[in-house]
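Structural features, examined
What follows is the residue order along each chain.
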Amino acid sequence: MELNRRTLLAGAAAAGVTAALSSTAHATGGNRPVKSLFGKLADGTKVYRWSLENGGTRLKVLSYGGIVQSLEIPDRRGRYTNVSLGFDNIEDYVSSSPYFGALIGRYGNRIGKGRFTLDGKTYQLSVNDGENSLHGGAKGFDKVVWDVEPFTRGSDVGLHLHYTSVDGEMGYPGTLRTKVTYTLTRHGDWRIDYEATTDKATVVNLTNHVYWNLAGESSGTIYDHELSIAGSRYTPVDSGLIPTGELAKVAGTPFDFRRTKTVGEDIRVPHQQLLYGKGIDHNWVLDKGGTDRPQWVATLRDPSSGRTLKIATTEPGLQFYSGNFLDGTLVGTGGSVYRQGDGLCLETQHFPDSPNQPSFPSTTLRPGQTYRTTTVHSFSA
C-alpha cells in the first residue's frame, strides 16, 4: 500500500519513533508512581489509583480495567487540563462506563454473532452487543482487577499490568497470560506495550479505549478538532456494525482524513455508513500495514488550546469512534454531563471480526508464540 509523506518520514527515522519525538518535547525526569485507594468493589476488592508524572504529562491509572482515569497535558500557555473522559468514583465505572479509558480484551471491537471457528472447532463467545460480541464480552478485560507493578527505568516511569484469563473465559479458548506496560517517557510520551501468550490456539486483539477531548473533558464536543489519518481504505460495516469484508477507498467519502479536516466537517452527511454508526464508528486500514516498529498514523489537534496528539503504532488498523452513543446520562470527572460527540476514540488494533474474515490480517495466537504490539501517544501544544 502507498504510504503518505508523514508515514514515510517516520519510517525513515533511524532511531525510531521515540527519538523522533524528542526533537519537539521537553525532557525531564519523573518520580516513582504513587499509589492511593480509589474505592472498593461490591465484594470488597480494593481498587487502587496510580499517579504518574513525567516530561510534562500527568497520568492516573486504575487497577480496575487498567483504566486511564485522567491524563493531563498543558496547552500553548502551559495550562493543564484533563483530556480524557471518565468518572471520579469506582461505582460509575462498574455500573455505567462505555469503556472510558479501559484496557480492552480479549478481543477489541466486534466479533459477528459472537462466534468464530478455529482449527475446525467453533467457539461461542459472550454476546453483549445485540447478537454480537463487543470488546471481549460481558466481562472483558475492562471489568477485571489487574495486578499492577510500578517501575522506574532510567528517566522513564511506568506500570506493568498483569492479568491471566483462564481457558473458556467469555468463551475464548486457552489460558491467556497478558502483560500491558504503560510508560511515561522523559519526553512526556505515553507508550503502551502489549504482550500475551497462550497454551491453546486462540484469538487476541488488545487495545485501549481512551475518549479524547483535547480542549478538556468537560468542554463540549470534539467536532472542531482537526484530524488526519494515514489510511486510504476503511472497512465498511452492515447494520450491526460488522465488517462486510470489503476494503473500500475513503476517497470521495466522509471517511477521507488523508488530509487534515475537522471531525465535524462531514459527520452529518447522509452516507449509509454514517447512518449505521450514528456517526463514525469504523476501522481504517492503515497504509503502512502491520509493522515491527511504531509508525505515525494519526494526528489530532484542538485549535483553541493548541494541544496536539500524534499516534504511532505497530498495528494495521485504527478504529475511529466519534462518541456517538454518549447520551447525556453520564456525569464526568469535571462535573459535566457527557453528550454525543463530547469525546472521540482512536483505537489502534487489528480489524473487527477478523476471526471470521480470512482476507483480514490474522489475530490467531498459538502456543509458543508471543503477541506483541506497541502504540505511542505524543503530546505537544
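If you're wondering where the values come from, they're calculated on a predicted model, not measured in any experiment. Residue indices begin from 1 for each chain and proceed along its sequence in written order. pLDDT decides what is reported in this predicted model: residues at 70 or higher carry local features, side-chain atom pairs at 80 or more are listed and counted, and totals for whole chains, interfaces and linings draw on all residues regardless. With hydrogens and water excluded, all non-hydrogen atoms of the structure serve as input to the side-chain values.

Along its length, the chain carries 4 helices and 29 strands. Atoms counted for the radius of gyration: C-alpha only. Globule rule: 2.2 Å times residue count to the power 0.38. Over its C-alpha trace the chain gives a radius of gyration of 19 Å, about what one expects of a compact globule, namely 21 Å for 381 residues. Considered along the principal axes of its C-alpha atoms, the chain spans approximately 55 × 50 × 45 Å. Under the scheme applied here, a residue whose accessible area is under 20% of the maximum for its type counts as buried, over 50% as exposed, and between as partly exposed, the area being computed with a 1.4 Å probe on protein chains only. The buried share among the 381 residues of the chain stands at 57%. Any pair of residues with heavy atoms lying within 4.5 Å of one another is described as a contacting pair. Intrachain contacts of the chain at a sequence separation of at least 6 include 67% that bridge at least 24 residues. Every helix listed is a DSSP run of H or I at least four residues long, and every strand listed is a run of E at least two residues long, numbered separately from the N terminus.

At least two bridges found by DSSP between two strands are what make those strands a pair. Taken in spatial order, the 5 strands of this open sheet run β19-β18-β21-β24-β27, and their pairing is antiparallel. The two strands at the open ends of the sheet, each matched to only one other strand, are β19 (248–249) and β27 (345–349). Relative to strand β21 (residues 281–285), strand β18 (residues 233–235) is paired through 3 bridges, and the arrangement is antiparallel. Within the sheet, the bridge partner assigned to Thr235 lies in β21 and is Asn283.

Its location among the elements puts Gln319 in strand β24 (residues 317–321). Given the relative accessible area of 3%, Gln319 is considered buried. The spatial distance from the C-alpha of Gln319 to the C-alpha of Val285 is 9.1 Å, given a sequence separation of 34 residues. Excluding residues within four positions of it along the chain, Gln319 makes contact with Asn109, Asp281, His282, Asn283, Cys345, Leu346, Glu347, Gln349 and Pro352. Whenever two N or O atoms come within 3.5 Å, that pair is a polar contact, provided that in protein one can donate a hydrogen and the other can accept it, and provided that, for residues adjacent in sequence, both atoms are side-chain atoms. There is a polar contact of 2.9 Å between the side chain of Gln319 and the side chain of Asp281. Engagement of the side chain of Gln319 in a polar contact is seen with the backbone nitrogen of Asn283, the distance being 3.2 Å.

This part covers the confidence of the model for the chain. What pLDDT conveys is the predictor's confidence in a given residue, as a value from 0 to 100. When pLDDT is averaged along the chain, the result is 93, and 92% of the positions lie at 70 or above. Every residue in residues 1–28 is under pLDDT 50, and counting partners more than four places away or in other chains gives 45 contacts.

What follows deals with empty space enclosed by the protein. Grid spacing is 1 Å over the protein atoms alone, the probe is 1.4 Å, and a cavity is where that probe fits but cannot get out, while a pocket is an open set with protein on both sides within 12 Å along at least five of seven lines and lining residues have an atom within 4 Å of a point. Grid points are joined across faces, edges and corners, and a volume is the space filled by probe spheres set on the points. Within this structure, the stated rule accounts for 2 cavities of 30 Å³ or more. Broken down by secondary-structure element, the contributors of at least two residues to the lining of the largest cavity are β14 (190–198), β16 (207–208), β27 and β29 (371–380). For this classification, Asp, Glu, Lys and Arg are treated as charged, while Ala, Val, Leu, Ile, Met, Phe, Trp, Tyr, Cys and Pro are nonpolar and the rest, including Gly, are polar. Residues that form the lining of the largest cavity fall into these classes: 7 nonpolar, 6 polar and 1 charged. In this structure, the second largest cavity spans a volume of roughly 40 Å³. What lines the second largest cavity is Asn109, Arg110, Val237, Leu241, Pro243, Asp281, His282, Asn283, Gln319 and Pro352. It is β21 that provides the largest number of residues to the lining of the second largest cavity, a total of 3 residues. Considered class by class, the residues forming the lining of the second largest cavity number 4 nonpolar, 4 polar and 2 charged.

Here we come to the pattern of salt bridges. Salt bridge, as used here: a side-chain nitrogen of Lys or Arg that lies within 4 Å of a carboxyl oxygen of Asp or Glu. For the structure on display, the rule yields 13 salt bridges. Salt-bridge contacts for Glu53 lead to Arg58; the nearest nitrogen and oxygen are separated by 3.4 Å. Its relative accessible area of 42% is what places Glu53 among the partly exposed residues. Given the relative accessible area of 31%, Arg58 is considered partly exposed.

A few words on the sheet that holds strand β2 (residues 46–54). Spatially, 5 strands are ordered β1-β2-β3-β4-β5 in an open sheet, and the strand pairing comes out antiparallel. On the outer flanks of this sheet lie β1 (34–40) and β5 (80–82), each paired with one strand and no other. The average undirected angle you get between the axes of adjacent strands in this sheet is 20 degrees. Strand direction decides the pairing type here: strand β4 (residues 68–74) and β5, joined by 3 bridges, are antiparallel. The residue of β5 that forms the bridge with Pro74 is Tyr80. To get an axis, a line is fitted to the C-alpha atoms, and for a helix only the part in contact is used. The angle between two axes follows their N-to-C directions and goes from 0 to 180 degrees.

Here we take up the environment of Ser362. Relative to the helices and strands, Ser362 resides in the loop between β27 and β28 (364–365). For Ser362, a relative accessible area of 53% gives the class exposed. Each C-alpha atom, one on Ser362 and one on Val203, is 8.5 Å from the other, the two residues being 159 residues apart in sequence. Separated by 3.1 Å, the side chain of Ser362 and the backbone nitrogen of Thr364 make a polar contact.

The next thing to look at is the nonpolar core. In a soluble, globular protein the nonpolar side chains are often hidden away together inside. Here, nonpolar core means buried Ala, Val, Leu, Ile, Met, Phe, Trp, Tyr and Cys residues that are tied together by side-chain atoms lying within 4.5 Å of each other. With 56 residues, the main nonpolar core has Leu71, Tyr182, Trp190, Trp212, Trp284 and Phe320 as its most contacted residues. Contact partners of Phe320, with chain neighbours within four places excluded, come to Leu227, Ile229, Phe257, Val263, Ile280, Asp281, His282, Trp284, Leu344, Cys345 and Leu346. The next biggest cluster of nonpolar side chains, apart from the first, holds 21 residues, and it includes Leu62, Tyr64, Tyr93 and Tyr99.

As a further point, take the side chain of Ser97. Checked against the element boundaries, Ser97 lands in the loop between α3 (90–96) and β6 (103–104). One polar contact links the side chain of Ser97 to the main-chain amide nitrogen of Phe100, over a distance of 3.0 Å. Residue contacts for Ser97: discarding those within four places in its chain leaves Phe87 and Asp92.

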